[in-house]
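Coordinate analysis (summary)
Here are the chains, one letter per residue:
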Amino acid sequence: MTASDGGTGTGSNSATGAGASAAGGLLDAATAWQRLLRLRTAEEAAGAGLLRGEDDGVWRWRQPADPEAETLASLYTPLCLGGSAFAFAQLGQSIDGFIATRTGHSNYVTGEEDRLHLHRLRALADAVLVGAGTTVADDPQLTVRACTGDHPVRVVLDPGGRAARQAPGARLFTDGRAPTLRLVGEGQGTDVTAPRGTEDVVELPRGEGGFEPRLVVETLARRGLGRILVEGGGATVSGFLRAETLHRLYVTVAPVLIGDGVPGLRFPGPVRMGEALWPRTRAFALGADMLFELDLLDSGTGTGD
């Protein structure tokens, strides 16, 4: 887990979390983020003062900007312009690939800079999605608090009713700070299908492994929720990756060794390295952590034997 829901929060999305205005006429990070928030087309990007490098394809501000503002443009403009049907995921993990200890404790694997990044991803999504295990273990809020931006619709995948039975008082169901949608398997009793609080409940067909990710994406799209952030846990993100429903994956790696714990990404792999996925990747420093952005729309295989 990332440092995603530290503190009690207020449910407000009014905090800037992006730094003060820079002196000397430079575009500062707070102003840059406000411009990025509503971008959805290349024309809007140009109108906001952005241009894309002809040689490297990196988005930059036309006017002088401070380093943090430039990083925001480079990192988030491609996501802003991903379109109205765009699924992306985020995981924070140790350098040896775990998102929590063997007891499930995960507060916190990554640092505050990654928390800010995650809240920015939420602000750029129509919906943020977690599995029942994350709901039970972490009691997340899934709201936007570390930066400005609107709260996304919160979606809980609860095919077998685990969240309903084990976490009926979860904040996602009771705090009323943002709309919540709970997806449950068809044919279950009212102990599962009845709302636990203010959430809406939708029944979907399920298989032995839970919901088919493409069905989840289609269900949300019919509700106008096309930009989906799959936030956790590791099994949920892995399932969406395996089903080839993700367009982009963000993995933040913290310089910590856990040794044994809850794994991050896990899916059936190839026999030979030449058959592994090699997506186009960029890296960004987030304090002591390192963020890797994987473009799954631009993914090939290796050249090794």
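Refer to the preceding data block for the structure.
Structural notes, computed from the coordinates.

Next up on the list: the environment of Phe267. Examined against the element boundaries, Phe267 turns out to sit in the loop between strand S11 (261-263) and strand S12 (277-286). Residue Phe267 is classed as partly exposed on the basis of its relative accessible area of 39%. Counting along the chain gives 29 residues from Phe267 to Ser238, while the straight-line C-alpha distance between them is 6.2 Å. Setting aside its immediate chain neighbours within four residues, Phe267 contacts Leu241 and Arg242.

Among all positions in helix H9 (residues 213-222), only Pro213, Val216, Thr219 and Leu220 are buried. Viewed along the axis of H9, the buried residues span an arc of 120 degrees, placing them on a single side of the element. Positive phi appears at Gly224, one or two residues downstream of H9, with a value of about 80 degrees.

It is worth spelling out the nonpolar core at this point. With 46 residues, the main nonpolar core has Trp33, Leu36, Leu50, Trp61, Tyr76 and Phe88 as its most contacted residues. Elements with a contribution of two residues or more to this core: helix H1 (29-37), strand S2 (59-61), helix H3 (67-80), strand S3 (86-94), helix H4 (112-123), strand S5 (127-131), helix H7 (171-174) and S12. A per-element tally of this core places H3 first, with seven residues. What Tyr76 contacts, discounting residues up to four positions off in sequence, is Trp33, Leu36, His117, Arg120, Leu121 and Leu124. By size, the runner-up hydrophobic cluster in this structure holds 28 residues, among which are Ala89, Leu204, Phe211 and Leu296.

Reading guide: rules and limits
Residues numbered from 1 in each chain as written. Predicted model: local features only at pLDDT ≥ 70, side-chain atom pairs only at ≥ 80, totals over all residues. Heavy atoms only, no water. Helix = DSSP H or I, 4+ residues; strand = E, 2+ residues; numbered from the N terminus. Buried < 20%, exposed > 50% of the residue type's maximum accessible area, 1.4 Å probe, protein only. Contact = heavy atoms within 4.5 Å. Arc of directions from axis to C-beta. Core = buried A, V, L, I, M, F, W, Y, C linked by side-chain atoms within 4.5 Å.

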